[in-house]
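Examining the three-dimensional arrangement
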Amino acid sequence: EPEVTQTPSHQVTQMGQEVILRCVPISNHLYFYWYRQILGQKVEFLVSFYNNEISEKSEIFDDQFSVERPDGSNFTLKIRSTKLEDSAMYFCASSEMAVGTDTQYFGPGTRLTVL
Amino acid sequence: AQSVTQLGSHVSVSEGALVLLRCNYSSSVPPYLFWYVQYPNQGLQLLLKYTSAATLVKGINGFEAEFKKSETSFHLTKPSAHMSDAAEYFCAVSVRGSQGNLIFGKGTKLSVKP
């Protein structure tokens, strides 16, 4: 069964450093998402992406964040200058369509620890 | 604005007992509702979803949920818990008018005792 994969599973970085989290969505899906979950808190929507551009983003997704589909398979989330409060589990998801009823398939997540 | 609230961050049941995980939603328009499960070190997996068809929704692994508009609830149930059901369960609502962005509850961790 096709699945969303994410690398690395755990990333440790120093405050102020740039990190890139990688995701490989399911191959025939067209819509991609990033969510994050700070320890003990809710899973929060960050950004959705379609046709090589951002469709929607939350207030969390400020200028420090960017997303890219550098090739036909990868979907990346870059944090330009990490802060302590960026420490969280980051989930990538993909779906065939972008309607409210469509199922989003999630990856296993990348745990980001900012020291 | 839409939101979901999951009552109980941790629920413990005995094997074979009824599982009831509570979710209440807030929405000014009819919502789309989802239950996801997360097993340790894995991604979120869809259990079931409500999309304005039948109010009683059956999902995978014997789980079901009933949409009750009068109670603004979408509780998840399973008649008989298995040890393999131990996981974290998330209720989510889809934001109407958006591109399917999900708003999640805080999650409920289910423990199953032998």
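As shown above, the structure is provided for reference.
Residues numbered from 1 in each chain as written. Chains lettered and ligands numbered in written order. Predicted model: local features only at pLDDT ≥ 70, side-chain atom pairs only at ≥ 80, totals over all residues. Heavy atoms only, no water.

A few points about the overall build of chain B
Put simply, the rule reads: The secondary structure listing takes helices from DSSP runs of H or I that are at least 4 residues long and strands from runs of E that are at least 2 residues long, numbered from the N terminus. In this treatment the radius of gyration is a C-alpha quantity, and the globule benchmark scales as 2.2 Å times the residue count to the 0.38 power.
Helix and strand content of chain B: zero helices and 11 strands. Sequence-ordered secondary structure for chain B, helices as α and strands as β, is β-β-β-β-β-β-β-β-β-β-β. Computed over C-alpha atoms, the radius of gyration of chain B comes to 13 Å, within 12% of the 13 Å expected from 2.2 N^0.38 for 114 residues, which places it in the range of a compact globule. Seen along its three principal axes, the alpha-carbon backbone of chain B occupies a region of about 45 × 30 × 20 Å.

Focus on the nonpolar core
Rule in force here: Put simply, buried Ala, Val, Leu, Ile, Met, Phe, Trp, Tyr and Cys residues joined by side-chain atoms within 4.5 Å make one nonpolar core. The cut-offs for exposure are 20% and 50% of the maximum accessible area for each residue type, with area from a 1.4 Å probe on protein chains only; residues under the lower value are buried, those over the upper are exposed, and the others partly exposed.
Counting 27 residues, the largest nonpolar core has W35, L48, F74, L76 and Y89 of chain B as its most contacted members. When residues of this core are traced back to their parent elements, those giving at least two are β2 (10–14), β3 (19–26), β4 (32–38), β5 (44–50), β7 (64–68), β8 (73–78), β9 (87–94) and β11 (108–113) of chain B. In this structure, V19, L46, V67 and I79 of chain A belong to the second largest nonpolar core, which totals 22 residues.

Describing the side chain of T103 of chain A
Selection criterion: Polar contact is the term for a pair of N or O atoms within 3.5 Å; when the atoms are in protein, one must be able to donate a hydrogen and the other to accept it, and sequence-neighboring residues count only if both atoms are side-chain atoms. Contact definition: two residues touch when any of their heavy atoms are within 4.5 Å.
When you line up the elements, T103 of chain A lands in the loop between β9 (88–95) and β10 (105–106). Of note is the side chain of T103 of chain A, whose polar atom sits 3.0 Å from the side chain of K49 of chain B. Discounting residues that sit within four places of it in the chain, T103 of chain A has contacts with S94 and S95 of chain A together with Y36, L46 and K49 of chain B.

Side note on the sheet that holds β8 of chain B
Residue and element names in this part refer to chain B. For clarity, the cut-off: A pair of strands is labelled paired if DSSP reports no fewer than 2 bridges between them. Axis lines are fitted through C-alpha atoms, for helices just across the contact stretch, and the angle between N-to-C directions can take any value from 0 to 180 degrees.
Taken together, the five strands give an open sheet; going across it, the order is β1-β3-β8-β7-β6, and neighbouring strands pair in antiparallel fashion. Of all strands in the sheet, those with a lone pairing partner are β1 (3–7) and β6 (56–58), marking the two edges. With strand direction ignored, the average angle separating the axes of adjacent strands in the sheet is 20 degrees.

Description of the layout of surface pockets
Counted only if it meets this: Using a grid of 1 Å spacing that covers the protein atoms alone, one calls a set of points a cavity when a 1.4 Å probe fits there but cannot get out, and a pocket when the set is open and has protein on both sides within 12 Å along at least five of seven lines; lining residues are those with an atom within 4 Å of a point. Grid points are joined across faces, edges and corners, and a volume is the space filled by probe spheres set on the points. As a working rule, the residues Ala, Val, Leu, Ile, Met, Phe, Trp, Tyr, Cys and Pro are called nonpolar, Asp, Glu, Lys and Arg charged, and the rest polar, with Gly in that last group.
Approximately 640 Å³ is the volume found for the largest pocket. Lining the largest pocket are 26 residues, and of these Q37, M89 and R111 of chain A together with Q38 and E88 of chain B lie nearest its centre. Counting residues per element, the ones that place at least two in the lining of the largest pocket are β9 of chain A together with β9 and β11 of chain B. Residue composition of the lining of the largest pocket, by class: 10 nonpolar, 12 polar and four charged. In this structure, the second largest pocket occupies an estimated 430 Å³ of space. Around the second largest pocket, the lining comprises 21 residues; the ones closest to its centre are E1, E3 and F106 of chain A together with L44 and Q45 of chain B. Sorting the residues of the lining of the second largest pocket by element identifies β10 of chain A together with β5 of chain B as the ones contributing at least two each. Ranked by the residues each element gives to the lining of the second largest pocket, the list is headed by β5 of chain B, at five residues.

Looking at the environment of H10 of chain A
Residues and elements named next belong to chain A. Position of H10 relative to the elements: it lies in strand β2 (residues 10–13). Assessed through its relative accessible area of 46%, H10 is described here as partly exposed. With 103 residues separating them in the primary sequence, H10 and T113 have C-alpha atoms 7.8 Å apart. Among residues more than four places away in sequence, those in contact with H10 are R111 and T113. Separated by 3.1 Å, the side chains of H10 and T113 make a polar contact.

Observations concerning the interface of chain B and chain A
Definition in use: A quick way to say it: buried area is the sum, across both parts, of accessible area lost when two parts are put together, with a 1.4 Å probe. Between Lys or Arg on one side and Asp or Glu on the other, a salt bridge is scored when a side-chain nitrogen of the former is within 4 Å of a carboxyl oxygen of the latter.
Taken together, the contacts link 22 residues of chain B with 24 residues of chain A. Both faces combined, the contact of chain B with chain A buries some 1,800 Å², and carbon together with sulfur accounts for 53% of it. On the surface where chain B and chain A come into contact, there are zero salt bridges. Only β4, β5, β9 and β10 (102–104) of chain B provide two or more residues apiece to the side of chain B that touches chain A.

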